[in-house]
Structure formats: C-alpha cells, structure tokens
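As a plain string of letters, each chain reads:
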Protein chains: 2
Amino acid sequence: MKKATQQQIKEHNRNLVLKTLLEHDTISRADIARSTRLTRTTVSDIVNDLIEEGLIEERGIGSSSGGKSPILLGVMEDSRYLIGLDLAQNQFSGAIVNLGGEIRETVNLPVNDVDGQTALGLVYEILDRLMDSEIRPLVGIGVGTPGLVNTSSGVVVNAVNLDWKDLPLASLLEARYRIPVRVLNDSQAAAMGEYTYGAGRDQDTNLIVVNARHGIGAGVLIDGRLFQGDGGGAGEIGHVVVVPEGGIQCRCGNYGCLETVASAQAIVNRARSLAADTTETLLPKDQRAISLDAIVDAFSAGDPLATQVVLAAGRYMGLALSSLVGILNIHNIVLTGELTRFGVPWLEAIQASMSRSTLFGLAEATRVSIGELHGNAILLGASALIWTNYSMLFNQ
Amino acid sequence: MKKATQQQIKEHNRNLVLKTLLEHDTISRADIARSTRLTRTTVSDIVNDLIEEGLIEERGIGSSSGGKSPILLGVMEDSRYLIGLDLAQNQFSGAIVNLGGEIRETVNLPVNDVDGQTALGLVYEILDRLMDSEIRPLVGIGVGTPGLVNTSSGVVVNAVNLDWKDLPLASLLEARYRIPVRVLNDSQAAAMGEYTYGAGRDQDTNLIVVNARHGIGAGVLIDGRLFQGDGGGAGEIGHVVVVPEGGIQCRCGNYGCLETVASAQAIVNRARSLAADTTETLLPKDQRAISLDAIVDAFSAGDPLATQVVLAAGRYMGLALSSLVGILNIHNIVLTGELTRFGVPWLEAIQASMSRSTLFGLAEATRVSIGELHGNAILLGASALIWTNYSMLFNQ
C-alpha cells in the first residue's frame, strides 16, 4: 500500500475533471460533480484553475432542471498540442494531436529493415519535421515503441526488431527537443488510445486492448490506470504458448508462442507455405508477392486458402484471449492493429474459439470488439500519455 | 478513476500503520513514519487512536540513533479474535485466530460429498462450536469457499461442488451470529493469507498465489489489494486451456483445462488409470485405494509411476503459470494447497516448464516458491479479510 499524498489526490481529481470535460462537448459544473462524485467546491476550484490556464472556457448557458440555468464549460481543444509517435514494423509515424485527439499533421517514413542508430535517425527526422510546423504550443512527446520499456525512466530495455537495448530514448529526445517525453510499449499505448479516445472511452474501470500486427501484445487498464506489472511487461500475450506440443519456433526462442500462429507475420508465412501446394487460390503465384495486403484482398474476395489461414489465426487468438479473460476477468476487450482489417469474420472466429475455451458464463459476460481508432490507436495513445503527466499542460 | 475521500485516505493510512505494526514485534513511531512514508503527525494521531482502542500498547524504550530514545509500540495480538473458515473439498475447517495470525482453536468436520442445505448445516455446526468457546471478543467471520463469489454482497454466485447457487452466505451468517461476515473465493483467501501472514508478508506490492488442490485457482494482489476483475472471478486459471487438442473433458464442460491435468483430482485419476497397466509400482493394487495420500507416499519413496504422474502435472502447471506471468508480469508467485505436499521436485518441474515457455528474462525475474502457512493459508486469509474492513476492530 502506498501513501496517497494531497498532491496526488489533487492531480487525480484534476485528471478526473478534465477527462469528464473531454468526454462532453459541453458540461456544467454541477454535472461534473455528479459524474465524478467530487464535491461542488472541489470541482469549482479545479474549473477555475483550468479556465485561468486557458485550457477550458465557458460556453453559454444550459437548460435548467429547476433552479438557475447552469453555465456550460468546454475544453479548448486547440489550446495545447501533443506529438504522438508509432514505431511500427514497416513504417514510423508521427502526428501532432490536439487535446481532443484530433490529428492536425502527420509524418510517415518507411522503415525498410533499418535498426539501431539508423532507426533512431528516422525518429529524429519525423520529430524534426513535426517541430518545424507552425502549430503551437507543443507541450510534450509520447512514443509508442515495440519491445519492453521502462516507462518511468523512458528507457527502451529491449526492442528486438529495432536492435535497441537499454536505449535512453526519453532522455535523448528531451535533450534534443526541450519538451517532456514519455515512452511506452506500443500495445500499452494502443490501450491508452482506446481508453482515452476510442472504444474504451465510456468505460471508467477495466479494459484490455490487444494489438495484433507484426507482433501481438496487450495493454491492460485497471481502474482506469495502465497496469504494467513488476517489470513493465504486463500484457505480453504474444509469447503465451498456445501450441504446447510441436509448435513452430518463435523469434523469442521458445516454441508455439501465440505470435507464431496468430500474428500478421504468421499469417503471411502460413499462406506462403500453403499456397505452394495449391493452384486454386486468388493469392499471387509468386510466394514473395504474398503480403498481408494480398491476403486481405483474397480474404475479402472469399478465397478459401486465405479464409482458412486467417480463421485459424483467429481461433488461436481466441484461445489466448480465453487465458487472458480467465486470469483477469475483465469484461471489455478491444482489438486493434493491422489484423483488424480482416474484420467481422476474424472477430467471429476469435469469439467462437473463446467461448469454447472459457469458463461458462465468463465468455458470455465478455465483450470483444474491434477498436474505433482505425490504425491511430498507438499514435493517439502515445500522445495521451500527457494525461498521466497532467502538469505538462500548465504554464505554457 | 474513483474519488479518494478523506475517510478512505484515513482508513488506508490506518491499515498501513497497523500492517506495519503487525510486521514487527515492536517498532517506534518514527520507524513507522519512515516505513509508511506518512508524516510523523499522521502516524502519531493514528497511534493514539489505536492505543485508545486497546489494539496496541507501548512496550518499553528502543535504542537511540542520536536523539531521545524512542518508545516502542506493539500490537496486542489477543485484544481481538477473528474466525476463519475454509470450505475444502473433503473437509470444512474453522479456526479462531488472533490479530497476529495465531490459531487459538480449530474445528474440523469431514464433508463426505454433502452439498446444498446439508453443507450449509456443517458451516453452522462449525461456527456454533467456535462461538461457544470462551475466547472473546470475536469481531468477525471470514469464509473462504470454492466457486465464484460476489465479495461485496457476500453471495456465493456458483459453487459447483457444494451445489450452491446465489446463496447469500454473509447475510445468513450475520443474521445467525450477529457479527460482520465476509465471504471470499478460496484461492483469493489463500492469497490474502500469504500476503498478510506468510510468504508475501514482506512484499508491499504485487503477488500471485496459486492454490492447487481438488481444483486450481489463483488470487492476485495488485498494489497490496486483491484484484477481482469485473465479475469477481479474476485468477480462475483452473479453467485455462493447456491441452488445446484432444484434452480430457473438465467438470466445467470444456476440454483440456488446467484442472484436468494438474489438480489433485487429475493426479489421482491419472495414477489410477496408469496403475491398471503396471505391476511395478508402490501404489496400491486396488485402484480405489489410490488416493492423494497414497500417491504422496509412493512419490516420496521414489516410485517411478507416481513420479511420472506428479511431474507431468507440474509441467502443465508451469505452462499455465507462464501465461499468468506473461500477462501480469508479477515477479512473486506463491504456491499453496495440498499439491505442495509434493515439495521441491514438483516445484522444480513447474519452474523448468515455466522457463521453457516464458519470454526470456521474464522467467528468470520471477520467483516461484511454496507458501509458508502449511495448509492454513485459506483459514488465515479468510480471517485476514478483517483488514479490508478495519472498522470491525473498533468499539468492541
């Protein structure tokens, strides 16, 4: 048990008020108090601070439910801007985002298997370009990166694909750009994104976001806070073993991990291998041309081979999700990442497989859905890191 | 995010002080402040209240580290008593426990497959006998039961073995005994026990306790609080699928659940089935006589068949723990329950299997150990529920 200081309580309450404000176009002080269960005095004090900082404004009069008509408040969404970065497998993306989660400017760079210092150079290039824009004030940078991250120190402990080990990314970027930087694992960033701006927006409590692309990972929010575990790696479901006997070797060194059978890479590999023995498929004859895009097209056109491969991947995902649900008993699961391009049939394969392997009643109570941020969950979630460091918004 | 009220903060801080006091035979106010990071004023106020309530006392003078020698404080462990109940498969147990987790009196009753109202009758019988004792004051009852429990309402939602459905156990017992009653799932109770009095005692943060007996379940403590998920069922690893293809049907209806291959029941079933085809074993010839006790004896004597069955069960347990560790990234796992009678060889089979199926670095960072409460984790944990309802201790 940790001590809750007055300062922490104050920040917590400020976040609560600001989150409530962000969820509504306009809202009265009284309704904020009702929704947050804070006292009216506390709400008024916080609201006054926020107005003084230019973060919110009064926006006319609402309808009365008896007494005096209430003054409505709204967030000035363009009073501050954040930068979010998504360091995906094939492409690094950066965006300037306003306080409402609206993207104002983006820069995308292809990655082409670069790593180490070169990959870091691409991060600088994106940020240089974004910092050159005239959009102001920019109050912070959030980075969503694959791999294991120490969020409190901003160090990328290990990102295999990027060949980063103990890279002090936050310090490097803060030295270069002179604004606060937060670094987060990409799946955890996706969870922050969906919680703040997407499918988890109306949920106040627990949420799991599973990010399925080249790799697979999950972000877990407990009581509205990112749960990272003892080593920062909570949610690493990509390396949960789902094929205990005779599985394929994973890039992590073990065998039968979820990533070997349910990730974008696994789907591409499996389609290539099966296509070699099949003539009746819409997939390209040239194995090297069988990309995720090609499989998405074939799948949409009802190609049996693509269907078989994608639905099998979905079933393995469902098996892993049933472990997740059994262990955490969290009722709201959101799927993000490239694989959501396979849409409802893939989702249904996941749900059916979950039902088969989850304790009766639990699967029924659990809602699995596809996220609402259309590929921007990580960018937005990385930028939403600001909400864990509220003080960044002040005194600009 | 929920509002932290002044009252909650006060209770939280009181718990913190009391927990710190319970961890030490004697401790000074200054050391409590250091350990809890509360201010000296806050600690002094709380300590004064606790002395007034007769919960703690001053116990002489400690050695000085410079200034005035400090007054030492200690919990009056026999100033209050709690009752803990463990509703296990073959035996219901009840105990009167003091504030230091010392058991003062116990009542055990065999169960013999009774369920429904008859099982409830056994609960009454145990409590009637304990309430008849002269130990006073008894301030609360905590019950650890198998099945899904709604802890806040004290209702057993579903306990298959006991044939209890929506049983308002807390209300029934409160009406009969006129003291506060809390009801908790047995694995979650075991976690509370180890956290409060056992292997998790010195840990202040995250802890997983896996309770392996007739069934298998886990209790998860996050930041020192029991995490129950959205439906109260967090930690239900007994029904995580570890044999995805061709598994045995579980009592839950699904196939290949952890309980079908790693529980006490699974070990007994497997030993019976293999013993039928083996002459060279120390296990009884009569299959019905192959009980868990018999297998423990044979295992200790190095019997190959018992060894094979028990270690295979351990390997499956390790596989499930690797999912648990991958998802939660909690570094401290404690095993409790009957299966811990297989001791170090079983533990090592679990650890080896975990290493093989857990992301590199994570298994090494995770400590799996056998609990310290020797079968009393649930009794003690159920009684420790008092710590979540601290007000029970006052005004007796």
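Check the entry above for the structure.
Residues numbered from 1 in each chain as written. Chains lettered and ligands numbered in written order. Predicted model: local features only at pLDDT ≥ 70, side-chain atom pairs only at ≥ 80, totals over all residues. Heavy atoms only, no water.

Novice: Teacher, can you tell me more about helix H6 (residues 186-197) of chain B here?
Specialist: In an α-helix there are 3.6 residues to a turn, and that puts residues three or four apart on one side. Residue and element names in this part refer to chain B. Look at H6: 16 Å from first C-alpha to last across 12 residues, which is about the 16 Å you get at 1.5 Å a residue. Residues of H6 that are buried include every one of Asp186, Ser187, Gln188, Ala189, Ala190, Ala191, Met192, Gly193, Glu194, Tyr195, Thr196 and Tyr197, and no others. The N-cap residue of H6 is Asn185: its side-chain oxygen and the backbone nitrogen of Ser187 are 2.9 Å apart. (Helix = DSSP H or I, 4+ residues; strand = E, 2+ residues; numbered from the N terminus. Expected span 1.5 Å × (residues − 1). Buried < 20%, exposed > 50% of the residue type's maximum accessible area, 1.4 Å probe, protein only. Polar contact = N/O pair within 3.5 Å; in protein donor to acceptor, adjacent residues only side chain to side chain.)

Novice: Would you explain the pairing of strand E12 (residues 207-212) of chain A in this entry?
Specialist: One face of the sheet, then the other: side chains in a regular strand alternate in exactly this way. Residues and elements named next belong to chain A. Of all the 6 residues making up E12, 6 are buried; the element is thus mostly covered by neighbouring parts of the structure. Across 6 bridges, E12 lies against strand E13 (residues 216-222) in antiparallel orientation. Looking across to E13, one finds that Leu207 is bridged to Leu221. Between E12 and the antiparallel strand that follows it, E13, lie 3 residues. (Pairing = 2+ DSSP bridges.)

Novice: Help me understand the packing of helix H10 (residues 304-328) of chain A against helix H11 (residues 343-357) of chain A, please; the structure alone is not making it clear to me.
Specialist: Each pair of packed helices can be described by the angle between their axes along with the distance between the axes. All names here are of chain A. Packing of H10 against H11 brings their axes to within 7 Å, and their N-to-C directions diverge by 45°. Compared by their axis directions, H10 and H11 come out oblique. The interaxial crossing formed by H10 with H11 has right-handed handedness. For the pair H10 and H11, contact is made by Val310, Leu311, Gly314, Arg315, Met317, Gly318, Leu319, Leu321, Ser322 and Val325 and by Pro345, Trp346, Ala349, Ile350, Ser353, Met354, Arg356 and Ser357, respectively. Taken together, the residues of the contact of H10 with H11 sort by class into 11 nonpolar, 5 polar and 2 charged. (Axes fitted to C-alpha atoms, helices over the stretch in contact; angles between N-to-C directions. Parallel < 35°, antiparallel > 145°, perpendicular 65-115°, else oblique. Left-handed = near helix turned anticlockwise from the far one by under 90°. Contact = heavy atoms within 4.5 Å. Nonpolar A, V, L, I, M, F, W, Y, C, P; charged D, E, K, R; others polar.)

Novice: I tried to follow the interface of chain B and chain A on my own but got confused; where do I start?
Specialist: By a widely used convention, the size of an interface equals the accessible area lost when the partners come together. Taken together, the contact pairs 51 residues of chain B with 51 residues of chain A. Counting each side, the surface lost to burial between chain B and chain A is near 4,500 Å², with a carbon and sulfur contribution of 59%. Counting across the chain B and chain A interface gives 0 salt bridges. For the pair chain B and chain A, the number of links is 20 residue pairs in polar contact (both at pLDDT 80 or more). For the side of chain B that touches chain A, the elements supplying multiple residues, two or more each, are helix H1 (6-23), helix H10 (304-328) and helix H11 (343-357) of chain B. Here the element with the most residues in the side of chain B that touches chain A is H10(B); it accounts for 6 residues. Looking at the side of chain B that touches chain A, its residues break down into 20 nonpolar, 22 polar and 9 charged. (Buried area = accessible area lost by both parts, 1.4 Å probe. Salt bridge = Lys/Arg side-chain N within 4 Å of Asp/Glu carboxyl O.)

Novice: Explain the sheet that holds strand E11 (residues 181-185) of chain B here, please?
Specialist: Strands pair in a sheet through their backbones, by hydrogen bonds, and they do so in one of two ways: parallel or antiparallel. Residues and elements named next belong to chain B. Strand order in the open sheet formed by 5 strands is E6-E5-E4-E7-E11, and the pairing between neighbours is mixed. At either margin of the open sheet sits one strand with a lone partner, and together these are strand E6 (103-110) and E11. Taken pair by pair, the neighbouring strands of this sheet meet at an average axis angle of 15°, ignoring direction. With 7 bridges joining them, strand E5 (residues 91-98) and E6 adopt antiparallel strand pairing. Across the sheet, the residue bridging to Gly94 is Val107, located in E6. Lying over the sheet, helix H4 (residues 116-131) contacts strand E4 (81-87), E5, E6 and strand E7 (138-145), oriented at roughly 150° with respect to E6. The strands touched by helix H13 (residues 377-384) are E4, E5, E6 and E7; relative to E4, the strand with the most contacts, the crossing angle is about 135°.

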